[in-house]
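# Tertiary structure, described
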Amino acid sequence: AANGDHPARMRPAESSNPGRRARADGVDAEALLARLDDAGDRGHKHGPVIVVIGERVLVRDCLAQCLQLAYTHHAVVAFSSLAAWLDQQGDYPLPSVILLFTHGRRRAAANLADEIEALGKVAVSVPVIVVSDVEDGDRIMEALEKGVRGYIPTSMAFSVAIEAVRLVEAGGTF
């Protein structure tokens, strides 16, 4: 494992380049897809993995630790951005599900749409769930139309959110 922990334990993971920041101007979907295709060709090294991506450290780490308690046979890894996950993608098997946390209206809608679209394109093999403070019907529909398989508002009870993750991981949509 990348930081010496057993793969079944939650590991907050960060970019191998600490000076790198998440891009605020959107995501280059084609470059990301090429990197994901390369990473997917390497196959699985360990058991199932859940990836949590979010900029807010406290929220991201709390979500990852709670997921680890609910998913005892999965490794749960957390990253600050999509780019940080891609930097370390080769260190982990292809995830069984990705949770992308978005924090409210502070994030430009176009940038969020780009990131959702980039992740939604890998939803064929890796289901993506958006976890968000925003419960706007238009935003939820836009995410689902871009290929996201689930949308969990932060106002939802954690027990319901866990079942939503299980449903999406099993092939459903929430």
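Heads up: the structure comes first, above all this text.
Below or above, wherever it landed, is the structure these notes cover. (Residues numbered from 1 in each chain as written. Predicted model: local features only at pLDDT ≥ 70, side-chain atom pairs only at ≥ 80, totals over all residues. Heavy atoms only, no water.)

## A few points about a negative patch on the surface
The following threshold applies: For patches, a residue must show more than 30% relative accessible area and have no salt bridge; joins then use 9 Å for like charges and 5 Å for nonpolar side chains, namely Val, Leu, Ile, Met, Phe, Trp and Tyr. Each accessible area is a Shrake-Rupley result for a 1.4 Å probe, and residues are judged covered by the shown protein chains and nothing else. The salt bridge criterion pairs a side-chain nitrogen of Lys or Arg with a carboxyl oxygen of Asp or Glu, the two atoms within 4 Å. Note on charges: Lys and Arg go in the positive column, Asp and Glu in the negative column, and His and the chain ends are not counted at all. Taken as the charge centre is NZ of Lys, CZ of Arg, CG of Asp or CD of Glu, depending on the residue. Think of it this way: any DSSP run of H or I at least four residues long counts as a helix, any run of E at least two long counts as a strand, and we number them from the N terminus. Only protein chains enter the accessibility calculation, which uses a 1.4 Å probe. A residue is then buried if its area is under 20% of the maximum for its type, exposed if over 50%, and partly exposed in between.
Where like charges cluster on the molecular surface, the negative patch consists of Asp-136, Asp-138, Glu-142 and Glu-145. Relative to the elements of secondary structure, Asp-138 occurs in helix H5 (residues 137–145). A residue is classified by how much of its surface remains accessible, and Asp-138, at 62% relative accessible area, is exposed.

## With respect to the packing of aromatic side chains
The criterion, for reference: The rule is short: rings of Phe, Tyr and Trp, with Trp giving its six-membered ring, pair when the centres are within 6.5 Å, and they are stacked under 30 degrees, edge-to-face over 60, tilted in between. When the NZ atom of lysine or the CZ atom of arginine is within 6 Å of a ring's centre and also within 35 degrees of its normal, the charge is said to sit over that ring.
Summed over the entire model, instances satisfying the criterion amount to one aromatic pair. Here the aromatic rings of Phe-79 and Tyr-92 are separated by 5.9 Å at their centres, their planes lie at 80°, and the arrangement is edge-to-face. Separated by 13 residues along the polypeptide, Phe-79 in strand S3 (residues 75–79) and Tyr-92 in the loop between helix H3 (82–87) and strand S4 (97–102) bring together distant segments of the chain. Taken as a pair, Phe-79 and Tyr-92 share a single burial class, namely buried. One cation-aromatic arrangement involves Arg-166 over Tyr-71; the distance from NZ or CZ to the ring centre is 4.6 Å.

## What about the layout of surface pockets?
Put simply, the rule is: Using a grid of 1 Å spacing that covers the protein atoms alone, one calls a set of points a cavity when a 1.4 Å probe fits there but cannot get out, and a pocket when the set is open and has protein on both sides within 12 Å along at least five of seven lines; lining residues are those with an atom within 4 Å of a point. Grid points are joined across faces, edges and corners, and a volume is the space filled by probe spheres set on the points. Note on residue categories: nonpolar means Ala, Val, Leu, Ile, Met, Phe, Trp, Tyr, Cys or Pro, charged means Asp, Glu, Lys or Arg, and polar means any other residue, Gly included.
In this structure, the second largest pocket spans a volume of roughly 250 Å³. Contributing to the lining of the second largest pocket are 16 residues, with Leu-63, Val-131, Thr-154, Phe-158 and Ala-161 lying nearest its centre. Of all the secondary-structure elements, those providing two or more residues to the lining of the second largest pocket are helix H2 (57–70), S4, strand S6 (150–153) and helix H6 (158–169). With five residues, H2 is the single largest residue contributor to the lining of the second largest pocket. Partitioned by chemical class, the residues of the lining of the second largest pocket number 15 nonpolar, one polar and no charged.

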